[in-house]
Number of protein chains: 2
Amino acid sequence: MTEEHRVTEEPRTRRRQARGERRMADILDAAAKVFAQLGYEKATTNAIAAAAGISPGSLYQFFPNKEAIAQALADRFVAEMGGTHRTAFENLDFAALDLDELLDRVVDPIVAFNVANPGFKALFARPDMPAGLTGAAQPIQSALLGRVAAILAALDPELPDEDRDRAARVLVRIFQAMLPAVVDAPEPERPAEVRELKKVLRGYLAPIARED
Amino acid sequence: MTEEHRVTEEPRTRRRQARGERRMADILDAAAKVFAQLGYEKATTNAIAAAAGISPGSLYQFFPNKEAIAQALADRFVAEMGGTHRTAFENLDFAALDLDELLDRVVDPIVAFNVANPGFKALFARPDMPAGLTGAAQPIQSALLGRVAAILAALDPELPDEDRDRAARVLVRIFQAMLPAVVDAPEPERPAEVRELKKVLRGYLAPIARED
DNA sequence: CGAGAATACGAGCAATCGCTCGCGTTTACT
DNA sequence: AGTAAACGCGAGCGATTGCTCGTATTCTCG
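Residues numbered from 1 in each chain as written. Chains lettered and ligands numbered in written order. Predicted model: local features only at pLDDT ≥ 70, side-chain atom pairs only at ≥ 80, totals over all residues. Heavy atoms only, no water.

Participant: What is the right way to read the protein's contact with DNA strand D from this model?
Facilitator: Residues in close proximity to DNA strand D total 25 residues, the closest being A:Arg19, A:Tyr60, A:Lys66, B:Arg19 and B:Ser58. Sugar and phosphate atoms form 74% of the subset of DNA strand D atoms that lie within 4 Å of the protein. Between DNA strand D and the protein, one listed contact pairs a sugar or linking oxygen with a side-chain N or O atom of B:Arg19 at 3.0 Å. Secondary-structure elements contributing two or more residues to the surface near DNA strand D are α2 (45-51) and α3 (56-62) of chain A together with α1 (18-42) and α3 (56-62) of chain B. With four residues, α3(B) is the single largest residue contributor to the surface near DNA strand D. Here the surface near DNA strand D is built from residues that sort into five nonpolar, twelve polar and eight charged. (Near = heavy atom within 4 Å. Polar contact = N/O pair within 3.5 Å; in protein donor to acceptor, adjacent residues only side chain to side chain. Helix = DSSP H or I, 4+ residues; strand = E, 2+ residues; numbered from the N terminus. Nonpolar A, V, L, I, M, F, W, Y, C, P; charged D, E, K, R; others polar.)

Participant: Hey, could you run me through the relation of the copies chain A and chain B in this one?
Facilitator: Copy one and copy two of the chain differ by a rotation about an axis and a translation along that axis. With an RMSD of 0.0 Å, the fit of chain A onto chain B corresponds to turning through 180° and sliding 0.0 Å along the axis. Expressed as a symmetry operation, the mapping of one chain copy onto the other fits a two-fold axis. When C-alpha positions in chain A are compared against the rotation axis, the closest is assigned to A:Gly203, at 1.9 Å. Most of the interface of chain A is mirrored in chain B: 100% of its interface residues are interface residues there too. (Least-squares fit on C-alpha atoms with pLDDT ≥ 70 in both. Contact = heavy atoms within 4.5 Å.)

Participant: Would you explain helix α9 (residues 190-209) of chain A in this entry?
Facilitator: Residues lying three or four places apart along an α-helix face the same way, a consequence of the helix completing one turn every 3.6 residues. Residues and elements named next belong to chain A. Between the first and last C-alpha of α9 there are 27 Å, a value that for 20 residues agrees with the 28 Å anticipated at 1.5 Å per step. When the local axis directions of α9 are compared, the greatest deviation, roughly 30°, occurs at Gly-203, which is followed within four positions by the proline Pro-207. Where burial is concerned, most of α9 is hidden: 15 out of the 20 residues are buried. (Expected span 1.5 Å × (residues − 1). Bend = angle between axes of the 7 residues up to and from the residue. Buried < 20%, exposed > 50% of the residue type's maximum accessible area, 1.4 Å probe, protein only.)

Participant: Help me understand the packing of helix α8 (residues 161-184) of chain A against helix α9 (residues 190-209) of chain B, please; the structure alone is not making it clear to me.
Facilitator: The interhelical angle for the contact between α8(A) and α9(B), taken along N-to-C directions, is 55°, at an axis separation of 11 Å. Judged by the angle between their axes, α8(A) and α9(B) are oblique. Read as a crossing pair, α8(A) and α9(B) show a hand that is right-handed. Residues A:Arg166, A:Val170 and A:Ile174 of α8(A) touch α9(B), and the partners they reach there are B:Ala192, B:Glu196 and B:Val200. Partitioned by chemical class, the residues of the contact of α8(A) with α9(B) number four nonpolar, no polar and two charged. (Axes fitted to C-alpha atoms, helices over the stretch in contact; angles between N-to-C directions. Parallel < 35°, antiparallel > 145°, perpendicular 65-115°, else oblique. Left-handed = near helix turned anticlockwise from the far one by under 90°.)

Participant: Just to check I follow, could you spell out the interface of chain A and chain B for this structure?
Facilitator: Much of the literature gives interface size as the accessible area that the parts lose upon coming together. Chain A puts 18 residues into the contact, and the matching count from chain B is 18 residues. Counting each side, the surface lost to burial between chain A and chain B is near 1700 Å², with a carbon and sulfur contribution of 65%. Counting across the chain A and chain B interface gives four salt bridges. Note that B:Glu41 and A:Lys42 form a salt bridge whose closest N and O atoms lie 3.7 Å from each other. Broken down by secondary-structure element, the contributors of at least two residues to the side of chain A that touches chain B are α1 (18-42), α8 and α9 of chain A. If you tally residues by element for the side of chain A that touches chain B, the top one is α8(A), at eight residues. Its residues placed into classes, the side of chain A that touches chain B shows ten nonpolar, one polar and seven charged. (Buried area = accessible area lost by both parts, 1.4 Å probe. Salt bridge = Lys/Arg side-chain N within 4 Å of Asp/Glu carboxyl O.)

Right under this line is the structure:
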(Lines give C-alpha, C1' and ligand atoms only; values in the text may rest on other atoms or scores of the structure.)
Protein backbone atom coordinates (compact mmCIF):
# COMPACT_ATOMS: atom_id res chain seq x y z
CA MET A 1 0.00 0.00 0.00
CA THR A 2 3.04 2.24 0.02
CA GLU A 3 2.94 2.61 -3.73
CA GLU A 4 1.30 6.02 -3.67
CA HIS A 5 1.06 8.30 -0.70
CA ARG A 6 -1.28 10.51 -2.75
CA VAL A 7 -4.16 8.40 -4.06
CA THR A 8 -4.82 8.90 -7.76
CA GLU A 9 -8.08 10.68 -6.84
CA GLU A 10 -10.36 10.94 -9.86
CA PRO A 11 -8.67 13.04 -12.57
CA ARG A 12 -11.06 15.94 -12.16
CA THR A 13 -9.03 18.77 -13.59
CA ARG A 14 -5.74 17.93 -15.13
CA ARG A 15 -2.74 20.14 -14.60
CA ARG A 16 -2.98 23.01 -17.02
CA GLN A 17 -0.58 25.72 -18.02
CA ALA A 18 -1.47 29.33 -18.68
CA ARG A 19 -1.08 28.80 -22.42
CA GLY A 20 -3.58 25.97 -22.19
CA GLU A 21 -6.14 28.14 -20.42
CA ARG A 22 -5.82 30.70 -23.16
CA ARG A 23 -6.26 27.99 -25.76
CA MET A 24 -9.44 26.80 -24.07
CA ALA A 25 -10.82 30.31 -24.20
CA ASP A 26 -9.87 30.58 -27.87
CA ILE A 27 -11.60 27.30 -28.59
CA LEU A 28 -14.77 28.44 -26.84
CA ASP A 29 -14.70 31.72 -28.80
CA ALA A 30 -14.34 29.76 -32.02
CA ALA A 31 -17.08 27.34 -31.00
CA ALA A 32 -19.43 30.23 -30.27
CA LYS A 33 -18.87 31.59 -33.76
CA VAL A 34 -19.29 28.26 -35.50
CA PHE A 35 -22.33 27.27 -33.44
CA ALA A 36 -23.88 30.65 -34.20
CA GLN A 37 -23.40 30.16 -37.92
CA LEU A 38 -24.29 26.52 -38.27
CA GLY A 39 -26.09 25.36 -35.16
CA TYR A 40 -24.86 22.60 -32.90
CA GLU A 41 -25.32 19.57 -35.12
CA LYS A 42 -23.94 21.00 -38.34
CA ALA A 43 -20.94 22.52 -36.64
CA THR A 44 -17.98 20.15 -37.07
CA THR A 45 -15.24 19.80 -34.52
CA ASN A 46 -12.67 20.23 -37.28
CA ALA A 47 -14.31 23.52 -38.24
CA ILE A 48 -14.14 24.68 -34.63
CA ALA A 49 -10.48 23.70 -34.47
CA ALA A 50 -9.77 25.54 -37.72
CA ALA A 51 -11.61 28.63 -36.48
CA ALA A 52 -9.50 28.52 -33.34
CA GLY A 53 -6.36 28.22 -35.44
CA ILE A 54 -5.37 24.82 -34.09
CA SER A 55 -5.46 21.21 -35.24
CA PRO A 56 -8.24 18.73 -34.38
CA GLY A 57 -5.80 16.81 -32.25
CA SER A 58 -5.00 19.88 -30.16
CA LEU A 59 -8.67 20.57 -29.65
CA TYR A 60 -9.16 17.14 -28.12
CA GLN A 61 -6.34 17.81 -25.70
CA PHE A 62 -8.66 20.22 -23.91
CA PHE A 63 -12.11 18.80 -24.46
CA PRO A 64 -12.97 15.10 -24.49
CA ASN A 65 -15.71 15.47 -27.11
CA LYS A 66 -17.99 17.82 -28.98
CA GLU A 67 -20.67 17.91 -26.31
CA ALA A 68 -18.13 18.93 -23.69
CA ILE A 69 -17.29 21.97 -25.80
CA ALA A 70 -20.94 22.98 -25.92
CA GLN A 71 -21.23 22.29 -22.20
CA ALA A 72 -18.27 24.48 -21.35
CA LEU A 73 -19.50 27.21 -23.68
CA ALA A 74 -22.93 27.09 -22.09
CA ASP A 75 -21.39 27.32 -18.63
CA ARG A 76 -19.40 30.36 -19.72
CA PHE A 77 -22.52 31.97 -21.14
CA VAL A 78 -24.42 31.39 -17.93
CA ALA A 79 -21.62 32.94 -15.94
CA GLU A 80 -21.33 35.96 -18.22
CA MET A 81 -25.07 36.49 -18.30
CA GLY A 82 -25.24 36.24 -14.55
CA GLY A 83 -22.39 38.64 -14.06
CA THR A 84 -23.74 41.16 -16.50
CA HIS A 85 -27.31 41.30 -15.32
CA ARG A 86 -27.22 40.44 -11.66
CA THR A 87 -27.32 44.05 -10.62
CA ALA A 88 -30.09 44.83 -13.09
CA PHE A 89 -32.31 42.09 -11.68
CA GLU A 90 -31.58 42.10 -8.01
CA ASN A 91 -32.55 45.47 -6.63
CA LEU A 92 -35.72 46.06 -8.55
CA ASP A 93 -38.74 47.08 -6.58
CA PHE A 94 -41.20 45.04 -8.62
CA ALA A 95 -44.25 46.35 -6.85
CA ALA A 96 -43.31 49.95 -7.61
CA LEU A 97 -42.84 49.39 -11.33
CA ASP A 98 -45.65 49.07 -13.80
CA LEU A 99 -45.58 46.15 -16.18
CA ASP A 100 -44.11 48.05 -19.11
CA GLU A 101 -41.19 49.37 -17.10
CA LEU A 102 -40.52 45.93 -15.68
CA LEU A 103 -40.48 44.42 -19.15
CA ASP A 104 -38.10 47.08 -20.40
CA ARG A 105 -35.73 46.49 -17.53
CA VAL A 106 -35.72 42.73 -17.91
CA VAL A 107 -36.05 42.21 -21.65
CA ASP A 108 -33.67 44.88 -22.93
CA PRO A 109 -30.54 43.58 -21.19
CA ILE A 110 -31.24 40.00 -22.23
CA VAL A 111 -31.81 41.08 -25.81
CA ALA A 112 -28.61 43.11 -25.72
CA PHE A 113 -26.71 40.12 -24.40
CA ASN A 114 -28.04 37.96 -27.18
CA VAL A 115 -27.21 40.48 -29.86
CA ALA A 116 -23.67 40.71 -28.50
CA ASN A 117 -23.37 36.92 -28.21
CA PRO A 118 -25.06 35.40 -31.22
CA GLY A 119 -23.74 31.97 -30.32
CA PHE A 120 -25.92 31.95 -27.22
CA LYS A 121 -29.19 31.23 -28.88
CA ALA A 122 -27.63 28.38 -30.88
CA LEU A 123 -27.31 26.54 -27.59
CA PHE A 124 -30.39 27.99 -25.93
CA ALA A 125 -33.08 28.12 -28.58
CA ARG A 126 -32.20 25.14 -30.74
CA PRO A 127 -33.60 21.66 -30.45
CA ASP A 128 -30.44 20.18 -31.96
CA MET A 129 -28.98 19.09 -28.69
CA PRO A 130 -28.20 15.46 -28.02
CA ALA A 131 -30.58 13.69 -25.65
CA GLY A 132 -33.27 16.35 -25.61
CA LEU A 133 -32.50 19.11 -23.17
CA THR A 134 -30.09 17.02 -21.19
CA GLY A 135 -26.69 18.39 -21.94
CA ALA A 136 -25.51 21.86 -22.67
CA ALA A 137 -28.81 23.70 -22.93
CA GLN A 138 -30.13 22.67 -19.53
CA PRO A 139 -28.08 24.96 -17.27
CA ILE A 140 -29.01 27.96 -19.40
CA GLN A 141 -32.65 26.97 -19.37
CA SER A 142 -32.60 26.43 -15.62
CA ALA A 143 -30.88 29.74 -14.95
CA LEU A 144 -33.48 31.71 -16.87
CA LEU A 145 -36.40 29.71 -15.51
CA GLY A 146 -35.28 30.49 -11.99
CA ARG A 147 -35.03 34.19 -12.59
CA VAL A 148 -38.39 34.42 -14.28
CA ALA A 149 -40.02 32.41 -11.54
CA ALA A 150 -38.55 34.79 -8.98
CA ILE A 151 -39.99 37.77 -10.79
CA LEU A 152 -43.39 36.10 -10.97
CA ALA A 153 -43.27 35.36 -7.26
CA ALA A 154 -42.55 39.02 -6.59
CA LEU A 155 -45.38 40.13 -8.85
CA ASP A 156 -47.94 37.96 -7.11
CA PRO A 157 -46.84 36.30 -3.87
CA GLU A 158 -50.21 34.53 -3.67
CA LEU A 159 -49.57 32.60 -6.89
CA PRO A 160 -49.35 28.85 -6.23
CA ASP A 161 -45.94 27.36 -6.99
CA GLU A 162 -47.34 25.11 -9.68
CA ASP A 163 -48.97 27.95 -11.61
CA ARG A 164 -45.91 30.12 -11.18
CA ASP A 165 -43.55 27.47 -12.59
CA ARG A 166 -45.84 26.74 -15.49
CA ALA A 167 -46.06 30.43 -16.31
CA ALA A 168 -42.27 30.69 -16.11
CA ARG A 169 -41.92 27.82 -18.58
CA VAL A 170 -44.36 29.48 -20.95
CA LEU A 171 -42.56 32.82 -20.75
CA VAL A 172 -39.14 31.30 -21.36
CA ARG A 173 -40.54 29.35 -24.29
CA ILE A 174 -41.97 32.51 -25.81
CA PHE A 175 -38.64 34.19 -25.36
CA GLN A 176 -36.86 31.30 -27.04
CA ALA A 177 -39.26 31.39 -29.94
CA MET A 178 -39.05 35.10 -30.60
CA LEU A 179 -35.33 35.54 -29.95
CA PRO A 180 -34.11 34.40 -33.37
CA ALA A 181 -36.38 36.92 -35.07
CA VAL A 182 -34.99 39.67 -32.86
CA VAL A 183 -31.32 38.75 -33.10
CA ASP A 184 -31.30 37.94 -36.80
CA ALA A 185 -33.27 41.05 -37.73
CA PRO A 186 -31.23 43.72 -39.48
CA GLU A 187 -30.42 46.66 -37.21
CA PRO A 188 -33.16 49.03 -38.36
CA GLU A 189 -35.97 46.52 -37.82
CA ARG A 190 -34.83 45.16 -34.50
CA PRO A 191 -36.72 47.62 -32.29
CA ALA A 192 -39.97 46.62 -33.99
CA GLU A 193 -39.26 42.95 -33.27
CA VAL A 194 -38.43 43.75 -29.66
CA ARG A 195 -41.70 45.65 -29.38
CA GLU A 196 -43.66 42.62 -30.59
CA LEU A 197 -41.82 40.40 -28.13
CA LYS A 198 -42.78 42.71 -25.29
CA LYS A 199 -46.38 42.83 -26.49
CA VAL A 200 -46.61 39.07 -26.27
CA LEU A 201 -45.04 38.95 -22.84
CA ARG A 202 -47.18 41.82 -21.57
CA GLY A 203 -50.35 40.20 -22.87
CA TYR A 204 -49.59 37.01 -21.02
CA LEU A 205 -48.38 38.68 -17.86
CA ALA A 206 -51.11 41.29 -17.47
CA PRO A 207 -53.73 38.92 -15.97
CA ILE A 208 -51.11 37.59 -13.56
CA ALA A 209 -49.73 40.99 -12.58
CA ARG A 210 -52.97 42.68 -11.55
CA GLU A 211 -53.81 40.44 -8.62
CA ASP A 212 -57.15 42.06 -7.90
CA MET B 1 -37.30 16.27 -87.45
CA THR B 2 -39.53 13.21 -87.96
CA GLU B 3 -37.73 11.35 -85.22
CA GLU B 4 -40.44 11.82 -82.63
CA HIS B 5 -43.98 12.88 -83.31
CA ARG B 6 -44.48 13.19 -79.58
CA VAL B 7 -41.78 15.42 -78.10
CA THR B 8 -40.17 13.96 -75.03
CA GLU B 9 -41.74 16.78 -72.99
CA GLU B 10 -39.98 17.14 -69.66
CA PRO B 11 -40.47 13.97 -67.55
CA ARG B 12 -42.77 15.66 -65.07
CA THR B 13 -44.60 12.67 -63.67
CA ARG B 14 -43.42 9.26 -64.65
CA ARG B 15 -45.83 6.49 -65.48
CA ARG B 16 -46.96 4.95 -62.25
CA GLN B 17 -48.97 1.88 -61.44
CA ALA B 18 -51.52 1.53 -58.70
CA ARG B 19 -49.07 -0.54 -56.65
CA GLY B 20 -46.60 2.30 -56.90
CA GLU B 21 -49.08 4.86 -55.67
CA ARG B 22 -49.78 2.69 -52.66
CA ARG B 23 -46.06 2.35 -52.03
CA MET B 24 -45.65 6.11 -52.10
CA ALA B 25 -48.36 6.50 -49.51
CA ASP B 26 -46.72 3.81 -47.37
CA ILE B 27 -43.39 5.61 -47.63
CA LEU B 28 -44.95 8.91 -46.57
CA ASP B 29 -46.63 7.19 -43.62
CA ALA B 30 -43.31 5.70 -42.60
CA ALA B 31 -41.53 9.03 -43.08
CA ALA B 32 -44.09 10.77 -40.86
CA LYS B 33 -43.41 8.26 -38.10
CA VAL B 34 -39.64 8.48 -38.38
CA PHE B 35 -39.62 12.27 -38.68
CA ALA B 36 -41.87 12.48 -35.63
CA GLN B 37 -39.50 10.33 -33.60
CA LEU B 38 -36.16 11.69 -34.74
CA GLY B 39 -36.70 15.02 -36.49
CA TYR B 40 -35.75 15.67 -40.07
CA GLU B 41 -31.97 15.60 -39.87
CA LYS B 42 -31.56 12.57 -37.67
CA ALA B 43 -34.06 10.54 -39.63
CA THR B 44 -32.17 8.34 -42.07
CA THR B 45 -33.55 7.35 -45.45
CA ASN B 46 -32.67 3.74 -44.71
CA ALA B 47 -34.74 3.94 -41.53
CA ILE B 48 -37.67 5.33 -43.50
CA ALA B 49 -37.32 2.54 -46.05
CA ALA B 50 -37.18 -0.06 -43.27
CA ALA B 51 -40.24 1.45 -41.57
CA ALA B 52 -42.06 1.23 -44.90
CA GLY B 53 -40.99 -2.39 -45.29
CA ILE B 54 -38.98 -1.82 -48.46
CA SER B 55 -35.34 -1.54 -49.43
CA PRO B 56 -33.45 1.76 -49.79
CA GLY B 57 -33.24 1.16 -53.52
CA SER B 58 -37.00 0.87 -53.82
CA LEU B 59 -37.50 4.06 -51.86
CA TYR B 60 -35.42 5.96 -54.38
CA GLN B 61 -37.60 4.64 -57.18
CA PHE B 62 -40.32 6.97 -55.95
CA PHE B 63 -38.47 9.91 -54.47
CA PRO B 64 -35.27 11.40 -55.87
CA ASN B 65 -33.87 12.36 -52.47
CA LYS B 66 -34.60 12.84 -48.81
CA GLU B 67 -35.85 16.39 -49.15
CA ALA B 68 -38.38 15.33 -51.77
CA ILE B 69 -39.85 12.93 -49.23
CA ALA B 70 -40.26 15.74 -46.73
CA GLN B 71 -41.66 17.96 -49.46
CA ALA B 72 -44.26 15.40 -50.48
CA LEU B 73 -45.14 14.72 -46.87
CA ALA B 74 -45.54 18.42 -46.20
CA ASP B 75 -47.77 18.78 -49.25
CA ARG B 76 -49.91 15.93 -48.02
CA PHE B 77 -50.14 17.51 -44.59
CA VAL B 78 -51.18 20.82 -46.06
CA ALA B 79 -53.86 19.13 -48.14
CA GLU B 80 -55.19 17.13 -45.19
CA MET B 81 -55.20 20.13 -42.90
CA GLY B 82 -56.98 22.21 -45.49
CA GLY B 83 -59.57 19.54 -46.12
CA THR B 84 -60.20 18.96 -42.44
CA HIS B 85 -60.58 22.54 -41.32
CA ARG B 86 -61.84 24.41 -44.32
CA THR B 87 -65.42 24.25 -43.13
CA ALA B 88 -64.43 25.18 -39.61
CA PHE B 89 -62.67 28.32 -40.78
CA GLU B 90 -64.74 29.52 -43.66
CA ASN B 91 -68.18 30.33 -42.38
CA LEU B 92 -67.27 31.91 -39.09
CA ASP B 93 -68.84 35.25 -38.30
CA PHE B 94 -65.78 36.69 -36.64
CA ALA B 95 -67.49 39.88 -35.55
CA ALA B 96 -70.20 37.97 -33.74
CA LEU B 97 -67.81 35.81 -31.72
CA ASP B 98 -65.93 37.02 -28.71
CA LEU B 99 -62.20 36.37 -28.59
CA ASP B 100 -62.38 33.28 -26.41
CA GLU B 101 -64.88 31.57 -28.67
CA LEU B 102 -62.86 32.45 -31.72
CA LEU B 103 -59.72 30.99 -30.16
CA ASP B 104 -61.54 27.80 -29.23
CA ARG B 105 -62.82 27.35 -32.75
CA VAL B 106 -59.48 27.97 -34.37
CA VAL B 107 -57.03 26.47 -31.91
CA ASP B 108 -58.82 23.28 -30.97
CA PRO B 109 -58.99 21.78 -34.47
CA ILE B 110 -55.38 22.60 -35.19
CA VAL B 111 -54.29 21.07 -31.91
CA ALA B 112 -56.39 17.99 -32.63
CA PHE B 113 -54.81 17.70 -36.06
CA ASN B 114 -51.35 17.89 -34.55
CA VAL B 115 -52.10 15.34 -31.89
CA ALA B 116 -53.40 12.98 -34.57
CA ASN B 117 -50.42 13.68 -36.85
CA PRO B 118 -47.34 13.93 -34.65
CA GLY B 119 -45.10 14.00 -37.72
CA PHE B 120 -46.52 17.37 -38.68
CA LYS B 121 -44.64 19.45 -36.16
CA ALA B 122 -41.37 17.75 -37.08
CA LEU B 123 -41.65 19.51 -40.42
CA PHE B 124 -43.42 22.61 -39.18
CA ALA B 125 -41.82 23.50 -35.87
CA ARG B 126 -38.24 22.35 -36.38
CA PRO B 127 -35.31 24.42 -37.58
CA ASP B 128 -33.62 21.31 -39.00
CA MET B 129 -34.65 21.97 -42.55
CA PRO B 130 -32.08 22.38 -45.27
CA ALA B 131 -31.56 25.94 -46.49
CA GLY B 132 -33.56 27.61 -43.73
CA LEU B 133 -37.25 27.65 -44.44
CA THR B 134 -36.83 27.04 -48.12
CA GLY B 135 -37.93 23.53 -48.69
CA ALA B 136 -40.55 21.42 -47.08
CA ALA B 137 -41.63 23.67 -44.25
CA GLN B 138 -42.45 26.68 -46.37
CA PRO B 139 -45.79 25.60 -47.84
CA ILE B 140 -47.05 24.69 -44.38
CA GLN B 141 -45.85 27.97 -42.97
CA SER B 142 -47.42 29.92 -45.81
CA ALA B 143 -50.72 28.11 -45.50
CA LEU B 144 -51.04 28.91 -41.81
CA LEU B 145 -49.80 32.47 -42.20
CA GLY B 146 -52.44 33.14 -44.81
CA ARG B 147 -55.25 31.84 -42.66
CA VAL B 148 -54.16 33.75 -39.60
CA ALA B 149 -53.79 36.94 -41.62
CA ALA B 150 -57.30 36.46 -42.96
CA ILE B 151 -58.68 36.15 -39.44
CA LEU B 152 -56.82 39.26 -38.36
CA ALA B 153 -58.20 41.18 -41.31
CA ALA B 154 -61.69 40.13 -40.32
CA LEU B 155 -61.10 41.15 -36.71
CA ASP B 156 -59.94 44.63 -37.66
CA PRO B 157 -60.40 45.69 -41.28
CA GLU B 158 -58.66 48.99 -40.52
CA LEU B 159 -55.39 47.24 -39.62
CA PRO B 160 -52.60 48.18 -42.07
CA ASP B 161 -51.32 45.24 -44.11
CA GLU B 162 -47.85 45.53 -42.67
CA ASP B 163 -49.02 45.35 -39.07
CA ARG B 164 -51.39 42.54 -39.89
CA ASP B 165 -48.68 40.43 -41.51
CA ARG B 166 -46.28 41.06 -38.69
CA ALA B 167 -48.89 40.05 -36.16
CA ALA B 168 -49.63 36.92 -38.17
CA ARG B 169 -45.95 35.99 -38.12
CA VAL B 170 -45.81 36.49 -34.38
CA LEU B 171 -48.91 34.39 -33.80
CA VAL B 172 -47.67 31.53 -35.96
CA ARG B 173 -44.33 31.65 -34.20
CA ILE B 174 -46.01 31.42 -30.82
CA PHE B 175 -48.02 28.49 -32.05
CA GLN B 176 -44.90 26.77 -33.31
CA ALA B 177 -43.15 27.31 -30.02
CA MET B 178 -45.96 26.02 -27.81
CA LEU B 179 -47.06 23.13 -30.00
CA PRO B 180 -44.41 20.65 -28.90
CA ALA B 181 -45.36 21.16 -25.26
CA VAL B 182 -49.00 20.53 -26.13
CA VAL B 183 -48.50 17.52 -28.38
CA ASP B 184 -45.85 15.81 -26.28
CA ALA B 185 -47.73 16.35 -23.04
CA PRO B 186 -49.25 13.18 -21.59
CA GLU B 187 -53.01 13.02 -22.08
CA PRO B 188 -54.09 14.25 -18.65
CA GLU B 189 -52.00 17.42 -18.76
CA ARG B 190 -52.74 18.40 -22.33
CA PRO B 191 -55.78 20.57 -21.59
CA ALA B 192 -53.69 22.66 -19.22
CA GLU B 193 -51.08 23.21 -21.92
CA VAL B 194 -53.77 24.15 -24.42
CA ARG B 195 -55.14 26.62 -21.91
CA GLU B 196 -51.76 28.31 -21.58
CA LEU B 197 -51.40 28.46 -25.36
CA LYS B 198 -54.76 30.21 -25.60
CA LYS B 199 -53.82 32.60 -22.81
CA VAL B 200 -50.76 33.69 -24.74
CA LEU B 201 -52.67 34.11 -27.97
CA ARG B 202 -55.51 35.95 -26.25
CA GLY B 203 -53.13 38.31 -24.49
CA TYR B 204 -51.52 39.26 -27.77
CA LEU B 205 -54.75 39.47 -29.72
CA ALA B 206 -56.83 41.43 -27.22
CA PRO B 207 -55.37 44.85 -28.05
CA ILE B 208 -55.83 44.15 -31.75
CA ALA B 209 -59.35 42.77 -31.45
CA ARG B 210 -60.96 45.63 -29.56
CA GLU B 211 -60.64 48.27 -32.22
CA ASP B 212 -62.01 51.05 -30.08
C1' DC C 1 20.78 20.29 -17.62
C1' DG C 2 17.43 16.55 -17.65
C1' DA C 3 12.98 14.27 -16.97
C1' DG C 4 8.33 14.24 -17.39
C1' DA C 5 4.23 16.56 -18.33
C1' DA C 6 1.66 19.62 -21.31
C1' DT C 7 0.99 21.22 -25.83
C1' DA C 8 0.81 20.58 -30.76
C1' DC C 9 0.28 18.41 -35.13
C1' DG C 10 -2.36 16.18 -39.04
C1' DA C 11 -2.97 11.92 -41.41
C1' DG C 12 -6.32 8.85 -41.13
C1' DC C 13 -9.56 5.31 -38.62
C1' DA C 14 -14.24 3.74 -37.77
C1' DA C 15 -18.78 4.63 -38.26
C1' DT C 16 -22.62 6.84 -40.49
C1' DC C 17 -25.56 8.41 -44.19
C1' DG C 18 -27.53 9.68 -48.53
C1' DC C 19 -27.75 7.52 -52.49
C1' DT C 20 -26.32 4.29 -56.70
C1' DC C 21 -26.05 0.31 -59.53
C1' DG C 22 -26.51 -4.06 -61.36
C1' DC C 23 -29.64 -7.33 -61.78
C1' DG C 24 -33.84 -10.00 -61.11
C1' DT C 25 -39.24 -9.99 -60.89
C1' DT C 26 -43.87 -8.37 -61.85
C1' DT C 27 -47.26 -5.83 -64.49
C1' DA C 28 -49.51 -3.72 -68.51
C1' DC C 29 -50.35 -3.82 -73.09
C1' DT C 30 -50.34 -5.57 -77.81
C1' DA D 1 -46.27 -15.02 -76.16
C1' DG D 2 -43.38 -11.15 -76.20
C1' DT D 3 -41.73 -6.64 -74.94
C1' DA D 4 -40.86 -2.71 -72.33
C1' DA D 5 -41.54 -0.30 -68.41
C1' DA D 6 -42.39 -0.30 -63.53
C1' DC D 7 -41.09 -2.44 -59.34
C1' DG D 8 -37.89 -4.48 -56.18
C1' DC D 9 -33.60 -5.74 -53.90
C1' DG D 10 -29.34 -4.96 -50.97
C1' DA D 11 -24.42 -4.64 -51.17
C1' DG D 12 -21.71 -1.02 -51.12
C1' DC D 13 -19.75 3.66 -52.96
C1' DG D 14 -18.36 8.29 -51.90
C1' DA D 15 -18.38 11.77 -48.77
C1' DT D 16 -18.56 13.39 -44.15
C1' DT D 17 -17.61 13.52 -39.20
C1' DG D 18 -16.23 12.76 -34.54
C1' DC D 19 -12.28 11.39 -32.78
C1' DT D 20 -7.45 8.75 -32.27
C1' DC D 21 -2.60 7.93 -32.42
C1' DG D 22 2.19 8.26 -33.18
C1' DT D 23 5.32 11.62 -32.95
C1' DA D 24 7.53 16.05 -32.29
C1' DT D 25 8.07 20.40 -29.65
C1' DT D 26 7.77 23.42 -25.54
C1' DC D 27 7.20 24.32 -20.75
C1' DT D 28 7.96 23.54 -15.60
C1' DC D 29 10.63 22.43 -11.94
C1' DG D 30 14.15 20.14 -9.26
